[in-house]
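Inside the fold
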Amino acid sequence: MYEQIIDFLSLSDPNVRTVVLGSILLTSSSAIIGAFTFLRKKALVGDAVAHSVLPGICLAFMIGGAKDPLILIPGAFLAGWLSMILIDKITLHSRIKEDTAIGMVLSVTFGLGILMLTFIQHSGNANQSGLDHFLFGKAAAMLGSDVIIFSAIALLMVLTVSFLFKEFALVCFDREYASSMGLPVKRLDFLMTSLTVLAVVIGIQAVGVVLMAAMLITPAAAARFWTDNLKLMIIMAAVIGAVSGFTGALVSYLYPSMPTGPWIVVVASVFAFISFFFAPKKGILQYMIKQRRIRLMINEENIIKAGYHIGEDRKDFTSSMTATDLIRRRPMPESKLKGHLAKLTRQGYFRKHSQGWELTNAGYKKGSRLVRIHRLWELYLTEYLNIASDHVHEDAETIEHFITPELEKQLEQTLNYPSEDPHQSKIPYE
Amino acid sequence: MNAFWIITTGSLVAITCSLLGCYLILRKMAMIGDAISHAVLPGIVIAFLYTGQRDSMVMLFAAALTGVFTTLLIELIHKKGKLQTDASIGVTFTLLFAIGIIMISVFAGQVDLDQDCVLYGEIAYVPFDVWLLDSGINLGPRAIWVLGGVLLIIIAFISLGYKPLYATTFDPGFAFTIGISIPLWHYLLMSLVSITTVASFEIVGAILVIAFLVVPPATAYLLTDDFKKMLMISSGIGILTAGSGYYLAVALNGSIAGAMAVMAGIFFTLAFFFSPSHGLLFKKLRKKRALLQGHEEGATTI
Amino acid sequence: MIKEAKNPVLEIHDLTVTYHKKPVLWDIDLTIPAGSLTGIIGPNGAGKSTLIKTIMGLIKPSSGYSKIFDKPLDEVRKRVSYVPQRGSVDWDFPASVFDVVLMGRYSDAGMFKRIRKADRELAMDALQKVGMEKFSKRQISELSGGQQQRVFLARALAQHADLYFMDEPFAGVDAATENAIIDLLHEMTGKGKTVVVVHHDLQSAIKYFEWILLLNTRLVASGPVTEVFTSELLQKTYGGKLTLLTEIGNLLQREGLPARETK
């Protein structure tokens, strides 16, 4: 097993080279085209196209009598296009909604494909063996001559995308604007759709028709979580596609009886789910951590504010205060308060004494800023939003933590540096 | 006799799926049904490995769980991860289905399922897997009993929950304001779709489940404007599909499930063009007639 | 100018609602008098529909609460009726006019019980009130916009509620329907029912409503129509957004910050 892996990775066997190169090309070019399919929100249409390719392949085989890609590819391409048109026509000319139309075209065309496939298998044609590899993919079944054809198509697709990158991007992003710029939106649509069908057609060799949709969507969806830049997104999708394709080839080499499609899809999906949960900025976990950090920040700032309020009451901001004093101002369990205080002391907002804590100069400044924003915001709400003065406190409790220095300045200017809030408390300025 | 059992089994699958499918297509959730029918596969394989047999309550239960898990996962990625709906569906079910296929290959010795069976089932073998009592009485194919049971559950569900289901499907906002829980009925429906999927899965495979969930209801939707009639008509079309599909398969010596899906498509095509109320042909004729009338009226006023 | 109603059926306290973290309603405090025909007026995107959806529990607020008949909504659900926007449902749905109106009886008839004859009669009465009794068997896909609105109204009437919330019932209906609806609403308030209507036409608002809420993210005014319809208040409602409020709203959305720290 170990030796086999080494063998594979060394790429010394020309057959291995063919299969690896082929797989990587197929999956990465599908991923590139898929990025546009994803952005046009046509992921599920892609699924229907992939399924509908099967009867096209079978018909081409029945006519041509051989598994030659030069025969199968045109058949598959036509069938894929036809399914797109069918979905459009059904939704256009009847009350059937798009999701139902997709489901129908997907299942009926695939059913037709299965019927034809089993018909061919039972007819005893000797050439047919291996036709069912198109269901779940078999990277290892690629021949050198196949790879040349696939590479040519893949190259053509990638070149088209790089030449028309800006135009495609614009059409995906804002069709109406693109059309107002004088772009031939319809023709670009036609081209993008053709590329999607083509990507499906060549991708099924490695992935198979059943899971081909994943090759279009999953790498793009994963990449979307890392960047807002379309070029970068496409490059990332291509890399994820390539890594998945490589894994598929490896599995196909180690376990010749295994279908490769599911492995390729699982690898791409692992990237996707890692991205969904752990991507910086957009990941779900990151979002949760951020929410937690905000809550922590609010709690800490509230303790500083409580310290400031105590100072305000005593008219002495340097007096020391006990935990009980602070809890009376801002109720919370004592252990929690002490934890926060320890951190705030480390950060230099409080100083610890034998009798308790006292605000440092930094703590005083921070507390005064919070109270200032709080009172300014209360005033803003009563003056500009006509909200009764006994209702503005809760809102200000939140906003005080979030206002940026620029907004603070704007607030002060709008209100013209007032001296008192709606409850006649003094607004502290530095 | 075999033909009879196969058509009966096919019809049971057809009715069960069509009934639920009527709700799915009206809720614009056809693709969620598609996703569930794929995504239950790993649940089936795990239940298989765990119990070592096919038809057990464990399997139906595992299926319902996997189905609900799938919808929850799709919603999580969509809502918390802010990924668009179509991509959330696509990414989730392809992954689960891929895992299922890999498990089948890896545990090939322990699991009585293969790739072909997953895709287009083994309906041809249904008559041979009979339920024999200890006393030796032959109760007929086992699948009939399982599917019959599921069908009864579905019918009970639809008749008991008719009002809340109808209201949440037509106007969820209004339904909520009269005190109907939208998530409750949503997840109940999803669980039943999962159970149906699993019960039908090994018999007709994944494609036919989707075909029956979507196509007969869509056909019925073009033939009537009455929801109760839509339920009946789609069941009827389901039975027709199962019967004609079987004979088509026999004639071509091909997959029965594939042929049934094709027949479903043919019936839809007929309705699409020739439905008296919503068919393309009659709509065109009506339009033409209206236009002609308009011309005549226009002519007289001038 | 926010006036307290003397005999309120609806009280809203400190209601803040965010959509995708962006505040769409900010600190709303108001009361609505019993037996009034109240209009909610404001520009597009002012949060008018959001306000009634929140009252009906369809949207969860970030803070604040509302009370209907001095109780939380769940205790008085049967006395409150909601008419959604006409465009919110798929009118290709396989249902007849009567099927839709009958939904108004679902809650009283019992969710799992058969529909009784009495319920059918009540539904038919409601259809009669909106002048649609002849259409009871008609498929809803064949209705005009005005007829669709009448059907929705009939469904609400069939509920026999005391307080009605209607989302844009006059949007896209013909003049005859608009007049018929407004007559009906006046008849209802004459019988002591309270009707709250989201409306966007200023001209007709003066004629139609007794009590007016001027809304634009915040509540600009609430009170009798004569006191509220001043050029100053209208200017405040329609005269652009408050820049600071908008900017802080954007900040909250961009940074994913909560609108209330207690949540």
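Residues numbered from 1 in each chain as written. Chains lettered and ligands numbered in written order. Predicted model: local features only at pLDDT ≥ 70, side-chain atom pairs only at ≥ 80, totals over all residues. Heavy atoms only, no water.

1. Notes on the overall build of chain B
This is how it is decided: Helix and strand assignments come from DSSP, with helices taken as H or I runs of at least 4 residues and strands as E runs of at least 2, each series counted from the N terminus. Values of the radius of gyration come from C-alpha atoms, whereas the globule rule sets the reference at 2.2 Å times the count of residues to the power 0.38. A 1.4 Å probe rolled over the protein chains alone gives each residue an accessible area, and that area as a share of the maximum for its type sets the label: buried under 20%, exposed over 50%, partly exposed in between. The contact criterion used is simple: two residues touch if any of their non-hydrogen atoms lie within 4.5 Å. Using a 1.4 Å probe, the Shrake-Rupley method yields the accessible areas, and only the shown protein chains count as cover for residues. His is not counted, nor are the chain ends; Lys and Arg add positive charge and Asp and Glu add negative charge. For charged residues, the charge sits on one atom: NZ in Lys, CZ in Arg, CG in Asp, CD in Glu.
Within chain B, the regular secondary structure consists of 13 helices and two strands. Relative to its length of 302 residues, chain B is compact, with a C-alpha radius of gyration of 22 Å against a globular reference of 19 Å. Referenced to the eigenvectors of the C-alpha coordinate spread, the extents of chain B come out at roughly 85 × 50 × 35 Å. Per-residue burial over chain B gives 61% buried out of 302 residues. Summarising the internal contacts of chain B: among those between residues at least 6 apart in sequence, 70% fall at separations of at least 24. As displayed, chain B offers around 11800 Å² of accessible surface, 70% of which is attributable to carbon and sulfur atoms. Here chain B holds 16 positive side-chain charges and 16 negative ones, and the gap between their average locations is 14 Å.

2. Side note on the sheet that holds strand β1 (residues 8-19) of chain C
Backbone hydrogen bonds are what pair the strands of a sheet, in a parallel or an antiparallel way. Residues and elements named next belong to chain C. What counts, and what does not: Any two strands between which DSSP finds at least two bridges are classified as paired. An axis is simply a line fitted to the C-alpha atoms; with a helix, the fit covers only the stretch in contact. Between two such axes, the angle follows the N-to-C directions and lies from 0 to 180 degrees.
Within the open sheet, the three strands sit side by side as β2-β1-β4. Their pairing is antiparallel. The sheet is open, and its two edges are formed by β2 (22-33) and β4 (63-68), each paired on a single side. Taken over all neighbouring pairs, the strand axes of this sheet differ in orientation by 15° on average, direction set aside. In the sheet, β1 pairs with β2 via eight bridges, with the strands oriented antiparallel. Looking across to β2, one finds that L10 is bridged to I32. On the sheet, helix α1 (residues 48-55) packs against β1, β2 and β4 and is oriented at approximately 115° with respect to β1.

3. A word on the interface of chain C and chain A
As a measure of interface size, the accessible area lost when the parts come together is often cited. Note the following rule: Buried area is calculated as the accessible area (1.4 Å probe) missing from two parts once they are joined, with the contributions of both summed. When a carboxyl oxygen of Asp or Glu lies within 4 Å of a side-chain nitrogen of Lys or Arg, that pair is called a salt bridge. Between N or O atoms, a polar contact is any pair within 3.5 Å; within protein, one atom must be a potential hydrogen donor and the other a potential acceptor, and residues adjacent in sequence are included only when both atoms are from side chains. All residues other than Ala, Val, Leu, Ile, Met, Phe, Trp, Tyr, Cys, Pro, Asp, Glu, Lys and Arg, Gly among them, are scored as polar; the first ten of these are nonpolar and the last four charged.
Opposite the 30 residues of chain C that make contact, chain A presents 30 residues. Where chain C abuts chain A, roughly 2600 Å² becomes buried across the two surfaces, and 54% of that area is made up of carbon and sulfur atoms. Linking chain C to chain A there are two salt bridges. Between K97 of chain A and D92 of chain C there is a salt bridge; the shortest N-O distance is 3.9 Å. Here chain C is connected to chain A by three residue pairs in polar contact (both at pLDDT 80 or more). Elements supplying a minimum of two residues to the side of chain C that touches chain A: β1, β2, β9 (218-224) and α11 (243-255) of chain C. Within the side of chain C that touches chain A, the residues separate by chemical class into 13 nonpolar, five polar and twelve charged.

4. Describing the packing of helix α11 (residues 212-224) of chain A against helix α12 (residues 230-254) of chain A
Residue and element names in this part refer to chain A. To keep it simple, the criterion reads: For classification, angles of less than 35 degrees are called roughly parallel, those exceeding 145 degrees roughly antiparallel, those between 65 and 115 degrees roughly perpendicular, and all remaining angles oblique. Take the far helix as your reference; a near helix turned counterclockwise from it by less than a right angle gives a left-handed crossing, and one turned clockwise gives a right-handed crossing.
Their axes nearest at 8 Å, the elements α11 and α12 cross at an angle of 125°. When the interaxial angle is binned, α11 and α12 end up oblique. As for the relative orientation of α11 and α12, their crossing is right-handed in sense. Where α11 approaches α12, its residues M215, P219, A220, A222, A223 and R224 are matched on the opposing element by M233, M236, A237, I240 and G241. Its residues assigned to classes, the contact of α11 with α12 shows nine nonpolar, one polar and one charged.

5. A few points about the pairing of strand β7 (residues 194-199) of chain C
Residues and elements named next belong to chain C. This is how the line gets drawn: Assignment of crossover handedness uses the view with strands pointing away from the viewer, where a clockwise path from the first strand over the helix to the second indicates a right-handed crossover.
With six of six residues buried, β7 is to be regarded as a mostly interior element. In this structure, strand β6 (residues 163-167) lies alongside β7, joined through five bridges in parallel fashion. Each bridged residue has a counterpart across the sheet, and for L163 the counterpart in β7 is T194. One crossover worth recording links β6 to the parallel β7 by way of helix α7 (residues 175-190), and it is right-handed.

6. Some words on the layout of surface pockets
Stated formally: Here a cavity is any set of points on a 1 Å grid over the protein atoms alone where a 1.4 Å probe fits but cannot get out, and a pocket is any open set with protein on both sides within 12 Å along at least 5 of 7 lines; a residue lines the site when it has an atom within 4 Å of a point. Grid points are joined across faces, edges and corners, and a volume is the space filled by probe spheres set on the points.
Its boundaries defined by the atoms lining it, the second largest pocket holds a volume of some 790 Å³. Around the second largest pocket, the lining comprises 28 residues; the ones closest to its centre are S159, Y162, K163 and K228 of chain B together with I115 of chain C. When residues of the lining of the second largest pocket are traced back to their parent elements, those giving at least two are α1 (2-26), α7 (142-160), α8 (162-170) and α11 (227-252) of chain B together with α3 (97-102) of chain C. Broken down by class, the residue content of the lining of the second largest pocket amounts to 15 nonpolar, four polar and nine charged.

7. Some words on the nonpolar core
How we decide: In this text, buried Ala, Val, Leu, Ile, Met, Phe, Trp, Tyr and Cys residues form a nonpolar core when linked through side-chain atoms within 4.5 Å.
Grouped together as the largest cluster of nonpolar side chains are 275 residues, with contacts concentrated most on F97 of chain B together with L185 of chain C. At 24 residues, helix α10 (residues 182-221) of chain B tops the list of elements feeding residues into this core. When sequence neighbours within four positions are dropped, the list of residues in contact with F97 of chain B reads F136, V210 and L211 of chain A together with H38, L41, V118, L119 and F201 of chain B. Residues V17, I40, V76 and L215 of chain C belong to the second largest nonpolar core, which totals 29 residues.

8. Some points on the sheet that holds β7 of chain C
Residue and element names in this part refer to chain C. The six strands are arranged β5-β6-β7-β3-β8-β9 in an open sheet whose pairing can be described as mixed. With one partner strand each, in any of the chains shown, β5 (80-83) and β9 form the two edges of the open sheet. Strand after strand, the sheet turns through a mean of 15° between neighbouring axes, direction not considered.

9. Let's talk about the packing of aromatic side chains
Two aromatic rings are characterised by how far apart their centres lie and by the angle between their planes. Put simply, the test is: Pairing of aromatic rings covers Phe, Tyr and Trp, the last through its six-membered ring, and needs centres within 6.5 Å; plane angles under 30 degrees mean stacked, over 60 mean edge-to-face, and all others mean tilted. Whether a charge sits over a ring comes down to the Lys NZ or Arg CZ being within 6 Å of the ring centre and within 35 degrees of the ring normal.
Counted under the stated rule, the structure contains 31 aromatic pairs over all chains. Ring centres of Y380 of chain A and Y384 of chain A lie 5.0 Å apart, and the angle between their planes is 20°; on these two criteria the pair is classed as stacked. Of the two residues, Y380 of chain A and Y384 of chain A are both situated in helix α17 (residues 361-384); the distance of four residues between them amounts to about one turn of the helix. Taking relative accessible area as the criterion, Y384 of chain A reaches 28% and is therefore assigned partly exposed. Ring geometry for Y162 of chain B against Y166 of chain B: centres 5.5 Å apart, planes inclined by 15°, an arrangement best described as stacked. Of this pair, Y162 of chain B and Y166 of chain B are both found in helix α8, four residues apart, which corresponds to roughly one turn of the helix. The same class applies to Y162 of chain B as to Y166 of chain B, namely buried. Here a set of aromatic residues connected by ring pairs shows up, and it is made of Y23, Y162, Y166, F170 and F227 of chain B together with W91, F93 and F152 of chain C. A cation sits over an aromatic face here: R95 of chain A above Y221 of chain B, 4.3 Å from the ring centre.

10. What about the confidence of the model for chain B?
Keep in mind that low pLDDT regions are not for reading the predicted coordinates in detail. All names here are of chain B. The following threshold applies: A residue's pLDDT is the predictor's confidence in that residue, given on a scale from 0 to 100.
Scored by pLDDT, chain B comes out at a mean of 87, with 95% of its residues at no less than 70. Across residues 297-302, confidence stays below pLDDT 50; counting only partners more than four residues off in sequence or on other chains, it has zero contacts. Interface confidence in the predicted complex, given as ipTM, is 0.90; pTM for the same model is 0.88.

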